[in-house]
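Listed below, chain by chain, are the residues.
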Amino acid sequence: MTIKELQEEIIEDFGLFDDWEGKYEYIIDLGKSLPKMADEHKTEENVIKGCQSLVWLNAYTKEGKVYFEADSEAIIVKGLVSMLLKVLSGHKADEILNADLYFIEKVGLAGHLAQTRSNGLASMVKQMKMYALAFTSQELKI
């Protein structure tokens, strides 16, 4: 699926809930289902700066695509990062760099998250795009 199609799927999923209580429960469920990140990747260099909670993000390439894995101490944050992983992981670096992540606004996350969580979400997106940029630079050197 394309990044756009994955975002549309998330928007559709959020549309199933009538209120934010249900949407928060859904985000928590997403966090609980986030695949476990290997402890060896929970290093200081993988900590995302700008997040109130501890969030680790690791990236690697395989067959020309960028893959992410992440974890957090906070369950809501795990849910937020799981949505980002669903949308961006498994795509080419240039697709990630050029992605307009409109689903965040469309589902109302921007207006319903505390300022610190919104800032943390922006930091996660920024770090994922920085990884993609780094992998693009590596491809150019080859």
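This text follows the structure it describes.
Values in this document were obtained by computation on a predicted structure and should not be read as measured data. (Residues numbered from 1 in each chain as written. Predicted model: local features only at pLDDT ≥ 70, side-chain atom pairs only at ≥ 80, totals over all residues. Heavy atoms only, no water.)

An account of the pairing of strand 1 (residues 55-62) is requested, with residue identities and associated values reported.
As judged from the 8 bridges shared by strand 1 and strand 2 (residues 65-72), these two strands associate in the antiparallel manner. In the strand pairing of strand 2, Trp56 is matched with Asp71. Between the antiparallel neighbours strand 1 and strand 2 lie 2 residues, among them Glu63 with a positive phi of about 55°. (Pairing = 2+ DSSP bridges. Helix = DSSP H or I, 4+ residues; strand = E, 2+ residues; numbered from the N terminus.)

Would you mind going over the packing of helix 2 (residues 20-32) against helix 3 (residues 75-88) in detail, with residue names and values included?
The description of two helices packed together rests on the angle between their axes and the distance between the axes. Look at helix 2 against helix 3: their axes get within 7 Å of each other, and the N-to-C directions meet at 80°. When the axes of helix 2 and helix 3 are compared, the pair comes out roughly perpendicular. Here helix 2 contributes Tyr24, Ile27, Ile28, Leu30, Gly31 and Lys32 to the contact with helix 3, which in turn contributes Ile75, Ile76, Lys78, Gly79, Leu80, Ser82 and Met83. Broken down by class, the residue content of the contact of helix 2 with helix 3 amounts to 8 nonpolar, 3 polar and 2 charged. (Axes fitted to C-alpha atoms, helices over the stretch in contact; angles between N-to-C directions. Parallel < 35°, antiparallel > 145°, perpendicular 65-115°, else oblique. Contact = heavy atoms within 4.5 Å. Nonpolar A, V, L, I, M, F, W, Y, C, P; charged D, E, K, R; others polar.)

Account for the side chain of Ser72, with residues named and values stated.
For Ser72, the position within the fold is in strand 2. What makes Ser72 buried here is its relative accessible area of 5%. A polar contact of 2.9 Å, which involves the side chain of Ser72, links it to the backbone oxygen of Leu54. A distance of 3.1 Å separates a polar side-chain atom of Ser72 from the backbone nitrogen of Ala74. (Buried < 20%, exposed > 50% of the residue type's maximum accessible area, 1.4 Å probe, protein only. Polar contact = N/O pair within 3.5 Å; in protein donor to acceptor, adjacent residues only side chain to side chain.)

Which residues make up the pattern of salt bridges, and what are the values?
In total, this model carries 5 salt bridges according to the counting rule given. Salt-bridge contacts for Lys42 lead to Asp71; the nearest nitrogen and oxygen are separated by 2.7 Å. With Lys42 in the loop between helix 2 and strand 1 and Asp71 in strand 2, this residue pair connects regions lying 29 residues apart in the sequence. Lys42 gets classed as partly exposed once you look at its relative accessible area, which sits at 26%. For Glu44, the salt bridge is made with Lys49, and the minimal N-O distance between the two is 3.7 Å. Take Lys49: its relative accessible area is 57%, and that puts it in the exposed class. Three or more residues are tied together by salt bridges with common partners; here these are Asp39, Lys42, Asp71 and Lys78. (Salt bridge = Lys/Arg side-chain N within 4 Å of Asp/Glu carboxyl O.)

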